[in-house]
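Structural overview for review
For reference, the chains in residue letters:
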Amino acid sequence: MDSHGVSWFRGSMLGKGSFGSVFMATLKKPKFNTTLFPPVMAVKSAEFSSSSSLQKEREILHNIEGCPFVLKCFGEETTTDVNGKMVYNLLIEYASGGTLGDIIDSSKGCGLPEDDVRHFTRCILEGISHIHDCGYVHCDLKPDNILLVPIDETGKLVAKIADLGLAKRARQSKKQKFDRYVRGTPLYLAPETVVDHLQEPPSDIWALGCVVLEMLTGKQAWDLKQNCSIQELYLKIGTEHSIPEIPAWISEEGKDFLRKCFVRKPTYRFTAEMLLDNPFVQRVDDEIFRELKKEYSECSEENNSSFCSRENFCDSVEEVASGTQKRKRSNGGSTITVDA
């Protein structure tokens with residue numbers, strides 16, 4: 001796929017998924033930039049005939065724009081490849097810090113320092129709270145779908161929620177048509193999703209608990225036997241009273257936070273808004289969050305759009321080697337969409 005955009009060049013491939021491929025994208029004339037694009041972006045691309053997932057993601061990102069903890073979208077563009085086929089391109093923020101899954105893997109099963117976990121958890125909560133407030137459920141919250149973006153010259157990273165291709169509208173009333181599809185990655189599915197095929201905002205909170213536990217321990221939330229099947233995993237998640245094990249060495253605040261995520265009945269599970277008041281995420285540097293929210297608010301007023309240029313970020317971006325190994329998840333780790 002060698003097609004370039006009107007104002008940008010397509011660079012090396014960063015990754016590949018069921019939706020298509022992700023490439024680096026750089027502006028053709030960065031010194032004379034008259035567009036709303038930053039000098040460096042990522043572009044998610046697929047043949048137009050099979051781009052429905054990307055087009056849906058574009059619509060959702062447009063509807064939830066304005067949050068500094070959700071990956072920014074700069075627009076869409078249709079190009080033509082060398083074989084004359086139409087290609088749909090979604091232009092998004094480039095996360096030079098990689099994924100949260102990458103740094104969990106790099107801990108080699110030891111987990112991340114708790115201060116870092118608190119910081120990233122606060123970022124994810126801010127993003128999830130915004131998504132829920134906009135009337136959506138992410139449905140596939142996991143470390144590989146949380147990207148890390150440097151925010152200043154010190155290299156401080158902010159976690160941003162990405163990959164909303166499986167997101168859905170939350171049910172507004174019991175009269176609303178029931179969604180019969182189960183979306184997401186088996187390891188992060190909530191009990192009500194496995195048992196009753198329900199995926200609403202509380203399901204994202206259960207998945208968040210799995211992500212936080214994985215950050216703390218360096219291991220997946222469910223302790224599974226080798227070569228465990230999807231059916232065995234579903235049985236474990238769906239079993240009454242079964243929740244992921246919370247190690248005794250985790251701080252009391254961390255345990256309390258996880259227990260509020262791992263409430264089996266979704267109606268009793270804490271919401272993102274409630275969890276933002278939890279001591280586990282209150283002991284972080286509030287200045288970062290205030291500044292990011294202020295900057296987004298100012299950019300929104302100035303440009304009347306969700307785009308906000310961050311020169312200090314763009315100038316410091318370094319190209320990531322395209323050969324980065326993809327995370328390996330053996331026990332039900334792949335994303336699925338199942339007709340229930």
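Just so it is clear, the model here is predicted, and its values are computed rather than measured.

Attention shifts here to unusual backbone geometry. At K108, a position not held by glycine, the phi torsion is positive, near 55 degrees. Topologically, K108 is positioned in the loop between α2 (100–106) and α3 (114–133). Residue K108 is classed as exposed on the basis of its relative accessible area, which comes to 73%. Even without being a glycine, C139 presents a positive backbone phi close to 75 degrees. Along the polypeptide, C139 turns up in the loop between β6 (136–137) and β7 (146–150). By relative accessible area, C139 is classed as buried at 8%.

Bringing the nonpolar core into the picture now. Judged by nonpolar contacts, the single largest core of 80 residues is most densely connected at L100, I124, V212, M215 and F257. Here this core takes ten residues from helix α5 (residues 201–217), the largest share from any one element. I124 has contacts with L100, L141, I146, A159, I161, L208, V211 and M215, leaving out every residue within four places of it along the chain.

Cut-offs applied
- Residues numbered from 1 in each chain as written.
- Predicted model: local features only at pLDDT ≥ 70, side-chain atom pairs only at ≥ 80, totals over all residues.
- Heavy atoms only, no water.
- Helix = DSSP H or I, 4+ residues; strand = E, 2+ residues; numbered from the N terminus.
- Buried < 20%, exposed > 50% of the residue type's maximum accessible area, 1.4 Å probe, protein only.
- Core = buried A, V, L, I, M, F, W, Y, C linked by side-chain atoms within 4.5 Å.
- Contact = heavy atoms within 4.5 Å.

Without other data, these values stay purely geometric and don't point to any function.
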